[in-house]
Amino acid sequence: MNRRKPPVHGKFVTLEGVEGVGKSTHLEFISGYLRDRGITVLVTREPGGTPGADEIRNTLLAIRTEPFQPMAELLLMFAARALHVDNVIRPALAAGTWIVCDRFTDASYAYQGGGRGIAASVIAALERMVLKGLRPDMTILLDARIEVGMARARKRGVLDRFEQEQDEFFNRVRRVYLARARREPRRIKVVNAGGNLTDVQAEITALLDKRLAQWK
Ligand code: TMP
């Protein structure tokens, strides 16, 4: 009898947080940590991650004079996500590659739900249709006071359509992120991103060490 080993699925790790919390630096740190342990990693981001989804990203971030309805924003986020999930994420996971993704559906609940005021039930309906049960195995939420993050983000130069929002918008986004972490404490781990880089990375390392030991 041909006894094949069952296919080993990759793990799906996402990184979340408001602008300016150091996501890019920590994304590189996390993927480096995993590669050092012999894991094949694909780093990607949302909105984006495929040519078509990147075009939608440009549409979403562009500054425009035309009113841009929250529902249009939400649907475009999920249109980009549909391409990303079916063309990149699912095939990679099935091939045993781990995904480290800069933002995912938690961002839609935080920004379009918390920030723009769309009901969570509407977002959940799209999530069910588009993701069909796909969820991150682990989410690291980088959390810092909005004043800290936005001061960093605004220093970076030209602001996109989201970065132009006021602090109150980002406070609502942050509150939803933290509420989701309270509701799903096993999946979403909150890291205080307000401290110095060494402390933040030590905290991320401890979380990954623990999770990798559980996944062995
Ligand atoms: P980035 O600057 O982290 O690449 O993300 C682009 C913007 O898109 C950021 O301001 C957050 C926003 N966003 C949403 O509003 N909803 C979503 O579902 C995602 C993935 C991102």
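These numbers were taken from a predicted model, which means no experiment stands behind them.

A. Structural context of the layout of surface pockets. A volume near 540 Å³ is recorded for the largest pocket. Lining the largest pocket are 27 residues, and of these Glu19, Lys23, Arg57, Asp102 and Arg103 sit closest to its centre. The greatest single-element share of the lining of the largest pocket, amounting to 4 residues, is contributed by helix α4 (residues 105-115). Across the lining of the largest pocket, the residue classes break down as 9 nonpolar, 6 polar and 12 charged. For the second largest pocket, the calculated volume is near 230 Å³. Forming the walls of the second largest pocket are 13 residues, and the residues nearest its centre are Lys11, Ile39, Trp98, Leu212 and Trp215.

B. Representation of the sheet that holds strand β1 (residues 12-16) in the model. Ordered in space as β2-β3-β1-β4-β5, the 5 strands form an open sheet in which the pairing is parallel. On the outer flanks of this sheet lie β2 (41-45) and β5 (188-192), each paired with one strand and no other. Averaged over all adjacent pairs, the angle separating strand axes in this sheet is 20 degrees, with direction ignored. Running over the sheet, helix α1 (residues 23-36) touches β1, β2, β3 (98-102) and β4 (138-143) and is turned about 170 degrees from β3.

Rules used throughout
Residues numbered from 1 in each chain as written. Predicted model: local features only at pLDDT ≥ 70, side-chain atom pairs only at ≥ 80, totals over all residues. Heavy atoms only, no water. 1 Å grid on protein atoms, 1.4 Å probe; cavity = no way out; pocket = protein on both sides within 12 Å on 5 of 7 lines; lining within 4 Å. Points joined across faces, edges and corners; volume = space filled by probe spheres on them. Helix = DSSP H or I, 4+ residues; strand = E, 2+ residues; numbered from the N terminus. Nonpolar A, V, L, I, M, F, W, Y, C, P; charged D, E, K, R; others polar. Pairing = 2+ DSSP bridges. Axes fitted to C-alpha atoms, helices over the stretch in contact; angles between N-to-C directions. Contact = heavy atoms within 4.5 Å.

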